[in-house]
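# Residue-level structural notes
The lines below spell out each chain.
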Amino acid sequence: MWISDNEAGYSVSAFAGSRGLVIWEDHDEVRGPLHMDGYSRPQMLDLFRVVLQGRVAEVDSLPWLPGYGNRPTVTMRARTEAFAVPDACPMQRSTPAHSGTPAAAS
């Protein structure tokens, strides 16, 4: 569910899943999107009431965090860990493993 005021230049979106994610956006993208987690449905409705009453400064003063609140899923984390390069990997050496000169023939 969301509310958008194109004239005032903001919108608020609420996702009533287990996270209770709420997103506050500035359409002019001066500050970028902000988010909060842990909102219950009644809290979301209260927030919408405040927004509809035009109390934007009050909404701005809430403890927003930057961004859309994207969190990597377990699957994404597992993929990242599976492809992590170990510290001892020769591909990470800052100097080449060989000198670049051919070995002397015996």
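Residues numbered from 1 in each chain as written. Predicted model: local features only at pLDDT ≥ 70, side-chain atom pairs only at ≥ 80, totals over all residues. Heavy atoms only, no water.

### Remarks on the packing of aromatic side chains
To keep it simple, the criterion reads: Aromatic contacts are taken between Phe, Tyr and Trp rings whose centres are within 6.5 Å, Trp giving its six-membered ring; a plane angle under 30 degrees counts as stacked, one over 60 as edge-to-face, and the others as tilted. Counting from the N terminus, the helices are the DSSP runs of H or I reaching at least four residues and the strands are the DSSP runs of E reaching at least two. Buried, partly exposed and exposed residues are distinguished by accessible area as a fraction of the type maximum, computed with a 1.4 Å probe on protein chains only: under 20%, between the cut-offs, and over 50%, respectively.
The tally for this structure, following the rule as stated, stands at two aromatic pairs. Considering the side-chain rings of Tyr10 and Trp24, the 5.1 Å spacing of their centres and the 35 degrees angle between planes classify their relative orientation as tilted. Of this pair, Tyr10 sits in strand β2 (residues 10-15) while Trp24 is found in strand β3 (residues 21-26), placing the two residues 14 residues apart along the sequence. Classification of Tyr10 by relative accessible area gives buried; the value is 8%. Plain terms: the ring middles of Trp24 and Trp64 are 6.3 Å apart, the flat faces sit at 15 degrees to each other, and that makes the pair stacked. Taken as a pair, Trp24 in strand β3 and Trp64 in the loop between α2 (56-60) and β5 (65-66) lie far apart in primary sequence, 40 residues in all. Using a relative accessible area of 12% as the deciding quantity, one classes Trp64 as buried. In this structure an aromatic cluster arises from ring pairing among Tyr10, Trp24 and Trp64.

### Focus: the pattern of salt bridges
Our working definition: In the sections that follow, a salt bridge refers to a side-chain nitrogen of Lys or Arg positioned within 4 Å of a carboxyl oxygen of Asp or Glu.
Considering all chains together, one arrives at three salt bridges under this definition. Salt-bridge contacts for Asp37 lead to Arg19; the nearest nitrogen and oxygen are separated by 2.8 Å. Of this pair, Asp37 sits in the loop between β4 (34-36) and α1 (41-52) while Arg19 sits in the loop between β2 and β3; the two residues are 18 residues apart in sequence, bridging distant segments of the chain. The class of Asp37 is partly exposed, set by a relative accessible area of 34%. Relative accessible area serves as the criterion here: at 24%, Arg19 is assigned to the partly exposed category. With its nearest N and O atoms 2.8 Å apart, the salt bridge here joins Arg55 to Glu58. Residue class for Arg55 comes out partly exposed when judged on its relative accessible area of 33%. Given the relative accessible area of 38%, Glu58 is considered partly exposed.

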